[in-house]
Amino acid sequence: MITDFVLWASIKRGDETAFSELFHRYSPRIYNKAFFKIKDTEVCTQIVHDIFLTLWNNRKTLEVNSFIGYFTSATRYQVYRYTLRQKSTLIDYKEDLSSLSNNFTENKGYSSVAYQDLELELESYLQNLPKRCREIFLMSRQKSLSNDEIAGALGISRRSVENQITYALKQLRVSLKDISVLLIILYGL
């Protein structure tokens, strides 16, 4: 039986027969290690092929002292990468939301209740704002008045209106943390 050291020396010179021998010697071990974690024959087979392809492509620059160590590390890394990809969720961005209407049905009752809950929560946080700040914020967001219109109606400077709205938004962002994105969408903050 040819030693791993002799096989590696031959592989570094481009000997495909030696590479084939190495593949048949270690691929079952790599496959079993991957299968222990993933339990998918197709994925595990692909992992084995990826590891050996990387080994072949980098044979001239790689320094391998122990194939068992190399293949164990490479298998762990490939399994980790696969697992990480499985956990990540792809987001499909659609420019035109009207094209999505055929793909799902909306639960209007749930949406209505959720919207009311958000309004109640927002109202409770608004009650914690100073009176003048709350008044300016509501004029801006609920009545859709411009900063100049609010300043004229209250007899204060435009800059004061801007400062009060900025303060209100900061307080709401801190208070609402997780749902601030949803509020921005609903209220156009």
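Residues numbered from 1 in each chain as written. Predicted model: local features only at pLDDT ≥ 70, side-chain atom pairs only at ≥ 80, totals over all residues. Heavy atoms only, no water.

On to the overall build of the protein chain. In terms of regular secondary structure, the protein chain is built from 9 helices and 0 strands. The N-to-C order of helical and strand elements in the protein chain reads α-α-α-α-α-α-α-α-α. When burial is assessed residue by residue, the protein chain has 29% of its 189 residues classed as buried. Counted over contacts in the protein chain with a minimum sequence separation of 6, partners at least 24 positions apart contribute 57%. For the protein chain, the computed accessible surface area is about 13,300 Å², with 53% contributed by carbon and sulfur atoms. (Helix = DSSP H or I, 4+ residues; strand = E, 2+ residues; numbered from the N terminus. Buried < 20%, exposed > 50% of the residue type's maximum accessible area, 1.4 Å probe, protein only. Contact = heavy atoms within 4.5 Å. Areas by Shrake-Rupley, 256 points an atom, 1.4 Å probe, with all protein chains shown as cover.)

Here we take up the pattern of salt bridges. Overall, the coordinates contain 7 salt bridges when judged by the stated rule. Ionic pairing is found between R25 and E21, a salt bridge with its closest N-O pair at 3.2 Å. Of this pair, R25 and E21 both sit in helix α2 (residues 16-38), 4 residues apart, which is roughly one turn of the helix. Assessed through its relative accessible area of 35%, E21 is described here as partly exposed. (Salt bridge = Lys/Arg side-chain N within 4 Å of Asp/Glu carboxyl O.)

Bringing the packing of α2 against helix α4 (residues 67-87) into the picture now. Packing of α2 against α4 leaves a shortest axis separation of 10 Å and a crossing angle of 40°. Relative to α4, α2 is oriented oblique. Once α2 is placed against α4, the crossing between them reads as right-handed. For the pair α2 and α4, the contacting residues are L22, Y26, R29, I30, K33, A34, K37 and I38 in the first and F67, I68, F71, T72, T75, V79 and Y82 in the second. In terms of residue class, the contact of α2 with α4 is built from 10 nonpolar, 2 polar and 3 charged. (Axes fitted to C-alpha atoms, helices over the stretch in contact; angles between N-to-C directions. Parallel < 35°, antiparallel > 145°, perpendicular 65-115°, else oblique. Left-handed = near helix turned anticlockwise from the far one by under 90°. Nonpolar A, V, L, I, M, F, W, Y, C, P; charged D, E, K, R; others polar.)

Before going further, it helps to examine the side chain of Q78. Examined against the element boundaries, Q78 turns out to sit in helix α4. Judged by its relative accessible area of 12%, Q78 is buried. Discounting residues that sit within four places of it in the chain, Q78 has contacts with I47, D50 and I51.

Here the focus is empty space enclosed by the protein. Here the structure, examined in full by the defined rule, presents 2 cavities of 30 Å³ or more. Computed from the structure, the second largest cavity encloses a volume of approximately 40 Å³. Around the second largest cavity, the lining residues are Y26, R29, I30, K33, I68, F71, T72 and T75. At the level of secondary structure, the elements contributing two or more residues to the lining of the second largest cavity comprise α2 and α4. Here the lining of the second largest cavity is composed, by residue class, of 4 nonpolar, 2 polar and 2 charged. (1 Å grid on protein atoms, 1.4 Å probe; cavity = no way out; pocket = protein on both sides within 12 Å on 5 of 7 lines; lining within 4 Å. Points joined across faces, edges and corners; volume = space filled by probe spheres on them.)

Our next topic: the packing of helix α6 (residues 131-141) against helix α7 (residues 147-154). Direction vectors running N to C along α6 and α7 enclose 135°, while the axes themselves pass 10 Å from each other. Considering their axes alone, α6 and α7 lie oblique with respect to each other. Here α6 runs over α7; the crossing is right-handed. Across the interface between the two elements, R132, E135, I136, M139 and S140 from α6 touch I150, A153 and L154 from α7. When the residues that make up the contact of α6 with α7 are grouped by side-chain class, the tally is 5 nonpolar, 1 polar and 2 charged.

This paragraph deals with unusual backbone geometry. In this model, K39 sits at a positive phi of 65°, which is unusual for a non-glycine residue. Position of K39 relative to the elements: it lies in the loop between α2 and α3 (41-57). Of the residues examined, K39 reaches a relative accessible area of 53% and is grouped as exposed. With a phi angle near 55°, S144 is a residue other than glycine that sits in the positive phi range.

None of the figures reported here should be taken as evidence of function without further support.
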